[in-house]
Amino acid sequence: MSFQIKYGKWAIVAGASQGLGAAYAEELASLGLNLVLVARRAELLQSLASGLSTKYEIETKTIVQDLSAPDAAEQIVRNITDLDIGLLIYNSTFSAIGPFLERSLDDHLNEIHTNAFTPLKLIYLIAQQMLARKRGGIVLMSSLSAFQGSAYISTYSATKAFNIVLAEGLWEEWREQGVDVLVCVSGAVRTPNYIASEPEPTGGLGDMTMNPEQVVREVLNALGKQPYVIPGRVNRLASFVMRHLLSRKAAIQFMGRVLRGKYVGSHR
Ligand SMILES: NC(=O)c1ccc[n+]([C@@H]2O[C@H](COP(=O)([O-])OP(=O)(O)OC[C@H]3O[C@@H](n4cnc5c(N)ncnc54)[C@H](OP(=O)(O)O)[C@@H]3O)[C@@H](O)[C@H]2O)c1
């Protein structure tokens, strides 16, 4: 069934101005969906929106909104009351990398707001319409770092674990009611954010990074078929080893060693 028939004419991508968000926007536009694009940088959003409307002959609307704001979800919903939103992609994230106490409390709370509080509220406000129509799709973005505690990104990985468990629960709750929920548990993806956070390109991990377009295609293909997807064969294999062959304690320590080497620079 085409995406338009299954989900309706409009999709919203929260965190759309670059990287994975822009790749979601492009793929959905190519499937003929109209787009609401949300992020903070107005110029990037506007140029993406006008490029996609010309290329794919779709309608677009941009909303400049900081998704860490306590009323972000309400502000967005106020701007889309006239649109039949069938698909919600929550891509935006904030990730405070480094030793826990060296990041400000505000940074940790920002992670909770951007990665957990706002997506929960947006789902709460938008899914009511989807359930009433018995038609809709919701995609949350998570990370392989969320399968166990991950040192130096503890709060980020905790918010991403929240996304996995929330999506799985809602998948089961709504799967018979026409609303598909999916969480993407992603490995490294070559987005501007990822590239900026990499202290140095690493041989092994560098080889495992995926293109945003590959990730998006695997995610949209999995939507409606399963509660979660891990894009990329190498990532699925790594996650199998971490979750089923190592003990949880060993997995936490392994992640700790990798992240310490990457972000703290000493292999203690
Ligand atoms: N990249 C990876 O390696 C990787 C790995 C695992 C999981 N993931 C997940 O994939 C998703 C995308 O990750 P990414 O970091 O690579 O980002 P990205 O796709 O490069 O872009 C993040 C988008 O979110 C927007 N954004 C960020 N903070 C925002 C805020 N407070 N308010 C509004 N918009 C905001 C940014 O636009 P503005 O700056 O214009 O606002 C940008 O468009 C995240 O959920 C992440 O957890 C990524």
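Just so it is clear, the model here is predicted, and its values are computed rather than measured.

Undergrad: How do you make sense of the environment of Gly98 when you look at a structure like this?
TA: Within the secondary structure, Gly98 sits in the loop between strand S4 (85–90) and helix H5 (105–133). Separated by 150 residues in sequence, Gly98 and Arg248 have C-alpha atoms that sit 22 Å apart. Look past the residues within four positions of Gly98 in its chain and what remains in contact with it is Arg103 and Tyr152.

Undergrad: What is the right way to read the site of the ligand from this model?
TA: Around the ligand, 30 residues are found, and the nearest of them are Ser17, Arg40, Leu67, Tyr156 and Thr191. Ser17 is positioned with one of its side-chain polar atoms (N or O) 2.7 Å from an oxygen atom of the ligand. For the ligand, an oxygen atom lies 2.6 Å from a polar atom in the side chain of Tyr156. Protein burial of the ligand: of its 880 Å² of free accessible surface, 94% is covered by the chains. When residues of the shell around the ligand are traced back to their parent elements, those giving at least two are helix H2 (19–30), strand S5 (136–143), helix H6 (154–174) and helix H7 (192–197). Of the residues assigned to the shell around the ligand, the class counts are 10 nonpolar, 16 polar and four charged.

How each quantity is defined
Residues numbered from 1 in each chain as written. Predicted model: local features only at pLDDT ≥ 70, side-chain atom pairs only at ≥ 80, totals over all residues. Heavy atoms only, no water. Helix = DSSP H or I, 4+ residues; strand = E, 2+ residues; numbered from the N terminus. Contact = heavy atoms within 4.5 Å. Near = heavy atom within 4 Å. Polar contact = N/O pair within 3.5 Å; in protein donor to acceptor, adjacent residues only side chain to side chain. Areas by Shrake-Rupley, 256 points an atom, 1.4 Å probe, with all protein chains shown as cover. Nonpolar A, V, L, I, M, F, W, Y, C, P; charged D, E, K, R; others polar.

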